[in-house]
Amino acid sequence: MMPCITQLLINVAMSSQPSTNSVISTKKPKKSLNSKPFPQKQIDLRLACLLVGIFAFLSTVRAQSNPLIDILSKELDREFEVLSKADDPVYYMDYQVMDVNQQIIHTNLGSLVNSTHSRRRTANVNIRIGDYQRDNTHNVNEFNQQQFNAMPIALETNEQAISHMFWTMTNIKYQAAVEEYRQATAREDKTTTADFTKEKPEVYIEEIEEKDLTRDTDEIEARLKRLSALFLQNENIIIGEVSLNREVKTKYFVSTEGSKVAHQIEYNFLSISGNILDSEGAFIPLYQTYFAYDLDELPDEESLKADINRLIETLVALQSAPLAEPYSGPAILHPRAAGVFFHEIFGHRIEGSRLSSEYDSQTFKEKVGESVLPKSISVYMDPTIKELGDQALLGHYLFDDEGVRAQKVNVVEGGILKNFLMTRKPLDSFVSSNGHARTEGGMAPVSRQSNLIVEADRQLSEDDLRKQLIKECKKQGKKYGYYFVDVEGGFTNTNRFSPNAFNIMPTVVYKVYVDGRPDELVRGVDLIGTPLSMFAEIKAASDHRATFNGYCGAESGNVPVSATAPGLLVRRIETQKKMRETNEDEAPILSRPLSGKAND
Amino acid sequence: MIKKLTLSASLVVLLGFTTSGQDMLSTIERAMMDEMERNMTQLRSDKYSDPFFIRYRIIDQQNITVSASLGALHNSSEEPFRTKDIRVMVGDYEFNDESLDGDGMELDGKYPYGYADFTMPLGDDYYGIRRSLWITTDAIYKIAGQYYKDFLNDLEKDGKTYEDIDHKRFAKVPVVEYMEPVLKQPFSRKKLEDFVREASTLFVEYPDLLISSVRANSNVSTEYFLNSEGTRYRTSTLFANIDFTVSMINSEGEMSYETHNHELAPEDSLPSMEEVQKIVTGLVGKMLAKDSAERFVDSYYGPVLFEDETVSRLFSSYLINQLYASTQLESEGYYGGYNGGSHAMDDRIGQRVISKELSVTLLPTLTEWGGAALSGSYRIDSEGVMPADTLVLIENGILKNLMTSRTLTKETQVANGTGSGPGVALISTSEGSTKEALRQRLLELARKYDQEYAIIIREANEYGGLYDLSVVKVHVETGEEEVLRGANITDLGINNLKRILGISSSLMVENHGRTSYITPDALLLEDVGLSGRYNPQPKMKEALVKSPLVKSSIPEK
């Protein structure tokens, strides 16, 4: 079994710059009347408002049917008609298609280094032999179902090509399921938990839009080049990237229970990242990302210019900032950092699939009804919401990858653990899915987080939180506390084979002195710890909250998630020195060619 | 694609296209020259010696790949991309940062880890191209400089000079300019899409195939080269092909595959649907024939007649790939540990290495042979060295020369423009026979050795390899042929080529990607071992539900 190490990552620049992968998104979309909006539609604001309204209406329009759903249903019925009466009868089947239409444009220091558009469709077939109580998946932990055998299928909705591919996959999957069922029933097993929950069939077919992502490629490329050229103003910046990753993901699902689902989500990520060399030849990276469901909602060029200039200023400040020493003591986590903190140390430990694994440390499995967090804190997971205030939440979806409608899950109420994130694989007394079976595609879905939201009853203003930090520092005899302003991501380990530690990777960290000195920017530390001890140290929360949007990488691949939390005052955190990427030498010997000039 | 020809009386070497450097410089070339000039004159450090050699290669690719199955597109992409390849050397031609081997010293790839690379930009981006070259040149120079410094320090510590130890030299070669015009994509994406869509519909007639697909790829690769010695070149090549792939569950319950690769020369048009129909029929027929064949289960050791494409595969696998001069030091490296350099061939120059009936001649600049295009043809290698039109490697069995790059490990070695590979290899014979005569000779030998049958190998496997083969069992008494499948060659090596029992005088051409082989169409070897292939595949049964392509199988509602 693979170790349950999870990471909160965004793969914005995955095709050309895999090293630039951990980015954050907290900026709310900005509108400006004085400059062109970023997106493709060059229209005035009044029209924009109207179109947003129309789109909002269209997005709720339900189609009566969909040609691809019809093809899948027809082939599924034809197969089930025979296989449900076979010697090894099938009791459940589903067919799934994931259609990903993607555009990636990547610029660096004013140059276009990658511009690709791809479209791919992959198909999955699930077959269950036996019955809901005992079937061929019995004792096969979801985490062991790595080989899901997704296969590419036609991009065009061509009945003979698509139905033939599903016929091929069904044949292969059925024969494998027969063998699995023989093995499952040959073993003596006293387990009473069912293998598959019964869920209400869902019929939800959206009007699927064929979106041409390449329509404004030239204009977007030119704009990203202009933006990344801003990094040329600083001689010491080695990398200055601006990238756009657009993805229209359409999922189709049909099952023999009667579910028919077709829904589409568009994701637009814009990221800016800079890399400067410090005096020891180590790279200091900084990232900022923006996420929107509509391209139009990304910030305009002027806003982005201002953000890039601010990022450059921070990079320059970090260049000469002192390296922090390992520390143990009080700290404030900015809401984004707190969001990542909760995602890593709490969120992964309430994923039902993980808890059913005997290899998992099962931190909370037996703690339902018990206090697991300070009683002022509640946590819920809600994939049904697209926005919180004016912040788009990346973990939104309507149906999970088992065709179950997404549901809000109250995980912790007043510090008491109430629920887990469930798939159709039951866990003890949790015998229904709550729509959290998720996969990147190509792997078996397991329970994963969606939009994690942390709420606190007692909230302090930012100033009061800071005063509490200083008070706590004095109480502990510390000269300073830490303020973690921004993070690039984190990871944790939940299995039994290694310590259940977590690691949050901050990018902007200040020392807050108790003697009233100005805050001091420092660099080179990671926030570390173990989960249960950390929960006990949460002392207060701020009245301001923010969202971290990112991709979470775990057993079923990278899935989009968000984490929204208030700022937190923690009585005792621990830091360790960050691993530094050094060039083994100082800055480049020669100056950057033609500094300041973007291109011919 | 195999094209059979008859041996010409003499070799005709065609001169390729060459121009002087009078043409207009492209943005890429200007950026390379300006950054080269700046680095060669200004890249200096107190810590390291100056660089004495820098080489820039930029490869600009325009690639279209489309595939379809049963009339529908599965994939369609058209993506430009550029890569860079930079070499910076410190020291001099006699002794430099690449002169010594040692544990963990991957000197062929002095690419540093953890440095902030700048991907080579697309388009006519003069400044961006220079910045991309700048940052990588800097990083590699520092590594090269450190290696060289370490070498000198260690030698000094040991009281030695480089002359006291085995080391590699960097060959001095003539400065040349060779500029080819930049090729354009011969096919539009839409044209290829339409083609694969239509071609793939022909498989609808075979509903029981598990998978069928037609994939077309057209890649125009333009390579820009400049080194600090003044050599520069620009080459532009097209590699276009169409792959046909089918898969089915065979009678033993295994998934079996069959492919057909149809290569396209620059002037070729896409095959007509009549031609495609023949390919499809042949491919499916071949797979069905293979399925109906019995499995080869014997352990065979005796004479084997290699025919058609298997001859070039044999020479490629067992001879040509051994004719490279070693780029590794023969003795234990100065730093101990790694000693990967086998100089077996270097030491056998002047000796007989294969049958005296065989000669191996490289004809790298030859572009066609009897009307067949040679995809391996090239005018300059990837180190900027122009090969001679003719380079004899083996003459009547005697090893005369080896393919040698600019990295020299022996005093006798000379860079000969073959660092990138053989290009076009002609394997010829002084005394040829006919294929039929070789077949008779095979049977005679089998009789002599009291064998019930002899073996002929006519086809490589679907991947072009000499394993999991279909072989022909020829019964000695009756002369009847029986096709068997799943045979592996277990005993065959270059020494088998020392004693050749017969060779055909008829030559054929086969292109293996960027290498072309002109070989006899039959070769009889003795003492070749074969055995049945171990097959651990899970067994599958016929589908309970009929293929949806069988219209009558769809139940009435």
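Bear in mind that the values here come from a model prediction, so they are computed numbers and not experimental data.

> So what exactly am I meant to see when it comes to the overall build of chain A here?
Looking only at helices and strands, one finds nine helices and 24 strands in chain A. Here chain A holds 600 residues, and 52% of them are scored as buried. Considering only residue pairs separated by 6 or more positions, chain A has 80% of its internal contacts joining residues 24 or more positions apart.

> How do you make sense of the overall build of chain B when you look at a structure like this?
Within chain B one finds six helices and 24 strands. The proportion of buried residues among the 557 residues of chain B is 44%. Pairs at least 24 apart in sequence give 76% of the contacts found in chain B among residues at least 6 apart.

> Is there a simple way to explain helix α2 (residues 126–157) of chain B in this structure?
Residue and element names in this part refer to chain B. Given a rise of 1.5 Å per residue, 32 residues ought to cover 46 Å, and the 46 Å separating the end C-alpha atoms of α2 matches this to within 8%. Burial analysis of α2 places 23 of its 32 residues in the buried class, the great majority of the element. A positive backbone phi angle near 65° is found at Gly159, which sits one or two residues after α2.

> What exactly am I supposed to notice about unusual backbone geometry here?
Apart from glycine, the bulk of residues carry a negative phi angle, and the bulk of peptide bonds sit in the trans form. Residue and element names in this part refer to chain B. Although it is not a glycine, Asp450 adopts a positive phi angle of roughly 60°. At Asp527, a position not held by glycine, the phi torsion is positive, near 55°. One can find Asp527 in strand β24 (residues 522–532). For Asp527, a count of 15 C-beta atoms within 10 Å puts it in the partly exposed group.

> What should I look at first to understand the interface of chain B and chain A in this one?
When the parts come together, some accessible area is lost, and that loss is often what is quoted as the size of the interface. Residue-level contacts link 47 residues of chain B with 50 residues of chain A. Taken together, the elements giving at least two residues each to the side of chain B that touches chain A come down to α1 (27–42), β3 (72–90) and α2 of chain B. At nine residues, α2(B) tops the list of elements feeding residues into the side of chain B that touches chain A. Class assignment of the residues belonging to the side of chain B that touches chain A gives a composition of 24 nonpolar, 13 polar and 10 charged.

> I would appreciate a short explanation of the pairing of strand β13 (residues 409–413) of chain A in the present structure.
Put simply, side chains in a regular strand alternate between the two faces of the sheet. Residue and element names in this part refer to chain A. Here strand β10 (residues 377–381) pairs with β13 via three bridges, running antiparallel. Along β13, the bridge assignment pairs Tyr380 with Asn410. Hairpin geometry of β13 and strand β14 (residues 416–417) is characterised by an intervening segment of two residues between the two adjacent antiparallel strands and by a positive phi of about 55° at Gly414.

> Would you explain the packing of helix α2 (residues 67–83) of chain A against helix α3 (residues 159–186) of chain A in this entry?
For any two helices packed against each other, one specifies the crossing angle of their axes together with the interaxial distance. Residue and element names in this part refer to chain A. Contact pair α2 / α3: the axes reach a minimum separation of 10 Å and the direction vectors enclose 35°. The handedness of the crossing between α2 and α3 comes out as right-handed. Residues Ile71, Leu72, Lys74, Glu75, Glu79 and Leu83 of α2 pack against Glu159, Ile162, Ser163, Phe166, Trp167, Thr170 and Tyr174 of α3. Taken together, the residues of the contact of α2 with α3 sort by class into seven nonpolar, two polar and four charged.

> When you look at the environment of A:Asp457 in this model, what are you seeing that I'm missing?
By the element assignment, A:Asp457 lies in the loop between β17 (451–456) and β18 (459–460). For the pair A:Asp457 and A:Lys375, spaced 82 residues apart in the sequence, the C-alpha separation amounts to 8.6 Å.

> For this particular structure, what's the right way to read the nonpolar core?
Generally speaking, a soluble globular protein has its nonpolar side chains buried in company with each other. Of all hydrophobic cores here, the largest spans 142 residues; its most connected members are A:Leu333, A:Phe342, A:Phe484, B:Met32 and B:Ala144. Examining the composition of this core, we find that 14 residues originate from one element, α2(B), more than from any other. Not counting residues up to four positions away in its chain, the partners in contact with A:Leu333 are A:Ala338, A:Phe341, A:Phe484, A:Gly567, A:Leu568 and A:Val570. Counting residues in hydrophobic clusters, the runner-up holds 74 residues, among them A:Tyr252, A:Phe253, A:Ala437 and B:Phe187.

> Please clarify how the confidence of the model for chain B should be interpreted in this entry.
Segments scoring low in pLDDT should not have their predicted coordinates read at a detailed level. All names here are of chain B. Averaged over every residue, the pLDDT of chain B is 87; residues scoring 70 or more account for 89%. The least confident element of chain B, judged by mean pLDDT, is strand β1 (residues 2–4) at 34; the most confident is α1 at 97. Predicted confidence is poor over residues 1–23, with pLDDT under 50, and the contacts of this stretch with residues over four places away or in other chains come to 44 contacts. Low pLDDT, under 50, characterises residues 552–557; the stretch is placed with six contacts to residues that sit more than four places away or in other chains. Model confidence for the complex: the whole-complex pTM is 0.85, and ipTM, which rates the interface, is 0.84.

> Could you clarify how one ought to interpret the pairing of strand β23 (residues 515–520) of chain B in this entry?
Residues and elements named next belong to chain B. Of all six residues making up β23, six are buried, and the element is well covered by its neighbours. Sheet analysis places strand β22 (residues 507–512) next to β23, joined by six bridges and oriented antiparallel. Each bridged residue has a counterpart across the sheet, and for Val509 the counterpart in β23 is Ile518. Linking β22 back to β23 in an antiparallel pair, the connection comprises two residues, with Gly513 at a positive phi of about 60°.

> Which parts of the structure should I look at to understand helix α4 (residues 217–228) of chain A?
At 3.6 residues per turn, the α-helix brings residues three or four places apart onto the same side. Residues and elements named next belong to chain A. Over its 12 residues, α4 runs 16 Å from end to end, which matches the ideal 16 Å to within 8%, given 1.5 Å per residue. Looking at α4, one finds that the buried residues are Ile220, Arg223, Leu224, Lys225, Leu227 and Ser228. Close packing links the buried residues of α4 with β2 (90–108), β3 (111–129), β6 (237–255) and α5 (301–319).

> Just checking my understanding: could you explain the environment of A:Ile589 for this structure?
Structurally, A:Ile589 is set in the segment after β24 (557–577). Residue A:Ile589 is classed as partly exposed on the basis of its C-beta count, with 19 C-beta atoms lying within 10 Å. Those residues in contact with A:Ile589 that lie beyond four places of it in its chain are B:Leu43, B:Ser45 and B:Asp138.

> How should I be thinking about the environment of B:Lys190 in this particular structure?
Residue and element names in this part refer to chain B. With respect to the helices and strands, the residue Lys190 is situated in helix α3 (residues 189–201). Classification of Lys190 as exposed rests on a count of 12 C-beta atoms within 10 Å. Measuring from C-alpha to C-alpha, the distance between Lys190 and Gly302 comes to 53 Å, with 112 residues separating the pair along the chain.

The rules behind the values
Residues numbered from 1 in each chain as written. Chains lettered and ligands numbered in written order. Predicted model: local features only at pLDDT ≥ 70, side-chain atom pairs only at ≥ 80, totals over all residues. Helix = DSSP H or I, 4+ residues; strand = E, 2+ residues; numbered from the N terminus. Buried ≥ 20, exposed ≤ 12 C-beta atoms within 10 Å, placed from the backbone. Contact = placed C-beta atoms within 7 Å. Expected span 1.5 Å × (residues − 1). Nonpolar A, V, L, I, M, F, W, Y, C, P; charged D, E, K, R; others polar. Pairing = 2+ DSSP bridges. Axes fitted to C-alpha atoms, helices over the stretch in contact; angles between N-to-C directions. Left-handed = near helix turned anticlockwise from the far one by under 90°. Core = buried A, V, L, I, M, F, W, Y, C linked by C-beta atoms within 7 Å. pLDDT = per-residue confidence, 0-100.

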